[in-house]
Structure formats: C-alpha cells, structure tokens
Amino acid sequence: MITVTGTATVTISGVIDQTSGILGLGTSNAATASGGVATVSIANGGELNLNNISGNPGTPSIQAGSQILISEGGLLSVKGDQVGNLGDYISAGEIVGVGGSLQVSFDSDSNLTSVTVIPEPSVVALLTVLSLGLCVSRRRS
C-alpha cells in the first residue's frame, strides 16, 4: 500500500509496480482522510502501475489536496477497466497532465487502464519551429 499521512512529494522516473493493496494518498489506511497531503509526479519515462484505485466517493484513494501529476512520456496504469474512476479524479483536478491534456484508455487484452499526456498543440508547434530553426542555422554554418 502506498500511503501518506504527513506531507510528501514523490517523483517517479523509473517504474513502480504496486503488486497488491490499493493506492492511498493523504490517508493512513487507503480509505480515511488523515490530513496528509501527497504529490506523486510521474516524469518522462516514469511509470506508476497500480494494483487498484478506489472510485468510491466516500473512500477515495486520492484525498483532498493530494495529486498525481503526469508529464509527457509518463504513464499511470491501473488493473481493470478504471476509465470512469480515473476520469472522475481528472475532473476533480487530482490527476493532472503537465504540458498537455490527459488521455485515458482501457485495453481489454492487457486488462489495464492507462493515463498518458497528449502534448498541447502549441508545445508541438514550438518544438517544430525550434527544430526547423536549428536545421537552417546548421546549413548556414
């Protein structure tokens, strides 16, 4: 069980696999608010693979003030069809995409729901312009 009762910030740049239990941020028992606040940041190339996440409004896995931040290239996955539950957390601002919007999808073959970041068009356009500028400046050199 991943739980936080104080204040914590965790940055994931590798892979964390939760093999049993349920996510609990801002709680000591994955159900009851403890006043804790946790921020989990999933960096580019990082993965947080959860065994379970509560969708029950009375016992949420992500308590008030806590968040999961996902950067472009990061991945949050949960066993089973959790599209509705994860969508609710996204709507509440408790799962947030950094640098883009979030895409939630369920793959019935792997029985996993995944959350990834789709970059904002302005970011993609800026990177394209910068790349073209570098190419032009190399040709002139």
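Draft legend 1. Highlighting the overall build of the protein. Per the secondary structure count, the protein includes two helices and nine strands. What you see in the protein, going N to C, is helices and strands ordered as β-β-β-β-β-β-α-β-β-β-α. Across the 141 residues in the protein, those meeting the buried criterion constitute 32%. Accessible area of the protein: about 7,600 Å², with a carbon and sulfur share of 55%.

Draft legend 2. Geometry of the pairing of strand β3 (residues 37-42). Of all six residues in β3, five are buried; the element is thus mostly enclosed. Here strand β1 (residues 7-12) pairs with β3 via six bridges, running parallel. Residue pairing across strands places T11 opposite S41, the latter belonging to β3. Here four bridges tie β3 to strand β5 (residues 67-71), and the two strands are oriented parallel to one another. Each residue of the ladder has a partner; that of V40, found in β5, is I68.

Draft legend 3. Up close: the environment of G100. Here G100 lies in strand β8 (residues 100-107). Of the residues examined, G100 reaches a relative accessible area of 13% and is grouped as buried. Each C-alpha atom, one on G100 and one on S71, is 8.1 Å from the other, the two residues being 29 residues apart in sequence. Every residue in contact with G100, bar those within four places of it in the chain, is listed here: V117, I118, P119 and E120.

Draft legend 4. Local environment of the sheet that holds β8. Across the sheet, which stays open at both edges, the five strands sit in the order β2-β4-β6-β9-β8 with mixed pairing between neighbours. Bordering the open sheet on either side are β2 (15-17) and β8, each of which pairs with just one other strand. Taking the axes of each pair of neighbouring strands and ignoring which way they run, one obtains an average angle of 15° across the sheet. Where β8 meets strand β9 (residues 112-119), eight bridges bridge the pair, whose relative direction is antiparallel. Across the sheet, the residue bridging to V104 is V115, located in β9. Helix α1 (residues 83-91) rests against β6 (75-79), β8 and β9 of the sheet, and its axis sits at about 165° to β8.

Draft legend 5. Local environment of the sheet that holds β1. The four strands lie next to each other as β1-β3-β5-β7, forming an open sheet whose pairing is parallel. At either margin of the open sheet sits one strand with a lone partner, and together these are β1 and β7 (95-98). Strand-to-strand twist in this sheet, taken as the mean axis angle between neighbours without regard to direction, amounts to 15°.

Draft legend 6. Highlighting the nonpolar core. In terms of nonpolar packing, the biggest core is built from 19 residues, with I42, I53, I62, I68, I70, L76 and I95 touching the most fellow members. Taken together, the elements giving at least two residues each to this core come down to β3, β4 (47-50), β5, β6, α1 and β9. Broken down by element, the residue count for this core peaks at three residues, all from β3. Ignoring sequence-local partners within four residues, the contact set of I95 consists of I62, I68, I70, L76, L86, Y89, I90 and L102.

Rules and cut-offs
Residues numbered from 1 in each chain as written. Predicted model: local features only at pLDDT ≥ 70, side-chain atom pairs only at ≥ 80, totals over all residues. Heavy atoms only, no water. Helix = DSSP H or I, 4+ residues; strand = E, 2+ residues; numbered from the N terminus. Buried < 20%, exposed > 50% of the residue type's maximum accessible area, 1.4 Å probe, protein only. Areas by Shrake-Rupley, 256 points an atom, 1.4 Å probe, with all protein chains shown as cover. Pairing = 2+ DSSP bridges. Contact = heavy atoms within 4.5 Å. Axes fitted to C-alpha atoms, helices over the stretch in contact; angles between N-to-C directions. Core = buried A, V, L, I, M, F, W, Y, C linked by side-chain atoms within 4.5 Å.

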